[in-house]
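Each chain, written out:
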Amino acid sequence: MTSRMFWPARGVMLSVFMALGVAALAGCSFESEKKIWEIAGPVFGTQYHINVVLTDNEARLETLGSGIEQVLEDVDASMSTWREDSELSRLNRREDQSQWIELSEALYEVLAVATQVSSLTEGAFDVTIGPVVNLWGFGPEARPDKVPEEGELKSRLDATGYENIELRPEPSAFRSDRPQYIDLSAIAKGYGVDAVARYLEEAGVEAYLVEIGGEVRVNGRKPNGDAWRLAIEQPVSERRQINRVVALDHQAMATSGDYRNYYESEGRRYSHTINPETGKPIRHNLASVTVIADNTMLADALATGFNVMGYERAQALATRENIAAYFIVRSDNGFETHYTPAFTAYLTD
């Protein structure tokens, strides 16, 4: 990784959220008073933005920056489908997956949470959907010249199914009764955020905000004692606009929507989010869903699963399971917002 930067934060625009009110405190002592520093750089085909509350210490910032890069490199080397040498790519190439295949602790942890969310959402979240994602042009394969034919779509869909995955905790291992191609793009970024958060805490950083491609986790408070204020974006692609502001101090938040990553063919728009049941991009009135959870990996997966399910089903499930979820729904009059009772505690207005 290259192009890492750090500086006193003065208002950070994030990919899906905006961190509000993170300007460095004016008039504080340069050597002894804490302020917010931002560490930023490229990763996973997107950007990371990390705010840490520290006294000024260039050597410590350099050490943290190098450590963060190593953490993210380790995640990429384990879970990327874009790298042929990654642990996941090697697993996906295995023709015989019926025998136990040892996994790193990190990859096992992600697959374990993925299967739990798959079960909870009745398959709306499914990391084995990779072959179909690739067919639609949202993975490492080239974008198709035309919409996939039904026969090819069915063939790839028949090769999927989270129910075919079996995991063993000790020693960490995977097997499947049929070859699987696993795509962790809807959960690996969340895991990356959590991995960086763990690293920061182990390094003694008590207050931070970690964001990668719109998935975010915070801990502690800003130097003036305020919680971290984050804005949920209005789901429009032509401009950045705030829909609602939330305040967090030790939670994670992730949003899934169809308004950023999509393409158009013959006048029709195709979302990158694929419904594992139909094998086709989602088409419903749920524009975006935001989930707050204890960790980003879980929030990331739940947001994707809820986005696939659509508003009615997802809202019922989130309410029943006491999950903090915020829904932005398209209507004839623009956008409507709805949220579960568990989300109320985080609203600022």
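Participant: Just checking my understanding: could you explain the overall build of the protein chain for this structure?
Facilitator: Summing up its helical and strand segments, the protein chain has 8 helices and 20 strands in all. The buried share of the protein chain, taken over its 349 residues, is 55%. Sequence-distant contacts in the protein chain: of pairs separated by 6 or more residues, those separated by 24 or more amount to 63%. In the form shown here, the protein chain has an accessible surface area of approximately 15,600 Å², with 45% of it arising from carbon and sulfur atoms.

Participant: How should the environment of Trp136 be read in this particular structure?
Facilitator: Among the secondary structure elements, Trp136 is positioned in the loop between α4 (130–135) and α5 (150–158). Residue Trp136 is classed as buried on the basis of its relative accessible area, which comes to 3%. Taking the C-alpha atoms as reference points, Trp136 and Lys280, separated by 144 residues in sequence, lie 8.3 Å from one another.

Participant: Any chance you could explain the packing of helix α1 (residues 58–79) against helix α6 (residues 188–202) here in plain terms?
Facilitator: Geometrically, a packed helix pair is captured by the angle between its two axes and the distance between the axes. In the contact formed by α1 and α6, the axes pass within 10 Å of each other and the chain directions differ by 145°. Where α1 crosses over α6, the two elements pack in a sense that is right-handed. Listed contacts from α6 to Thr63, Leu64, Gly67, Ile68, Val71, Leu72, Val75 and Met79 of α1 are Ala188, Tyr191, Gly192, Ala195, Val196, Tyr199 and Leu200. Looking at side-chain class alone, the contact of α1 with α6 contains 12 nonpolar, 3 polar and no charged residues.

Participant: Would you explain the pairing of strand β12 (residues 242–248) in this entry?
Facilitator: A regular strand places its side chains on the two faces of the sheet in alternate fashion. When you tally the buried positions in β12, you get 5 out of 7 residues, the bulk of the element. Bridge count between strand β11 (residues 228–233) and β12: 6 bridges; the pairing is antiparallel. Note that in β12 the partner of Arg229 across the bridge is Ala247.

Participant: Looking at this structure, how should I read the confidence of the model for the protein chain?
Facilitator: As a note on interpretation, predicted positions should not be read in detail where pLDDT is low. This prediction gives the protein chain a mean pLDDT of 86; 84% of its residues lie at or above 70. Low pLDDT, under 50, characterises residues 10–31; the stretch is placed with 67 contacts to residues that sit more than four places away or in other chains. Taken as a whole, residues 261–267 scores under 50 in pLDDT and shows 18 contacts with residues more than four places along the chain or in a different chain.

Participant: Looking at this structure, I do not really get the sheet that holds strand β6 (residues 101–102). What am I missing?
Facilitator: Strand pairing in a sheet is mediated by backbone hydrogen bonds. Such pairs are either parallel or antiparallel. Read from one edge of the open sheet, 3 strands run β6-β8-β7, paired in antiparallel fashion. Unpaired on one side and paired on the other, β6 and β7 (165–168) mark the two borders of the sheet. Here β6 runs beside strand β8 (residues 173–176); their pairing, made up of 2 bridges, is antiparallel. By the bridge assignment for β8, Ile101 is matched with Phe174. Running at roughly 130° to β7, helix α3 (residues 105–120) makes contact with β7 and β8 of the sheet.

Cut-offs applied
Residues numbered from 1 in each chain as written. Predicted model: local features only at pLDDT ≥ 70, side-chain atom pairs only at ≥ 80, totals over all residues. Heavy atoms only, no water. Helix = DSSP H or I, 4+ residues; strand = E, 2+ residues; numbered from the N terminus. Buried < 20%, exposed > 50% of the residue type's maximum accessible area, 1.4 Å probe, protein only. Contact = heavy atoms within 4.5 Å. Areas by Shrake-Rupley, 256 points an atom, 1.4 Å probe, with all protein chains shown as cover. Axes fitted to C-alpha atoms, helices over the stretch in contact; angles between N-to-C directions. Left-handed = near helix turned anticlockwise from the far one by under 90°. Nonpolar A, V, L, I, M, F, W, Y, C, P; charged D, E, K, R; others polar. Pairing = 2+ DSSP bridges. pLDDT = per-residue confidence, 0-100.

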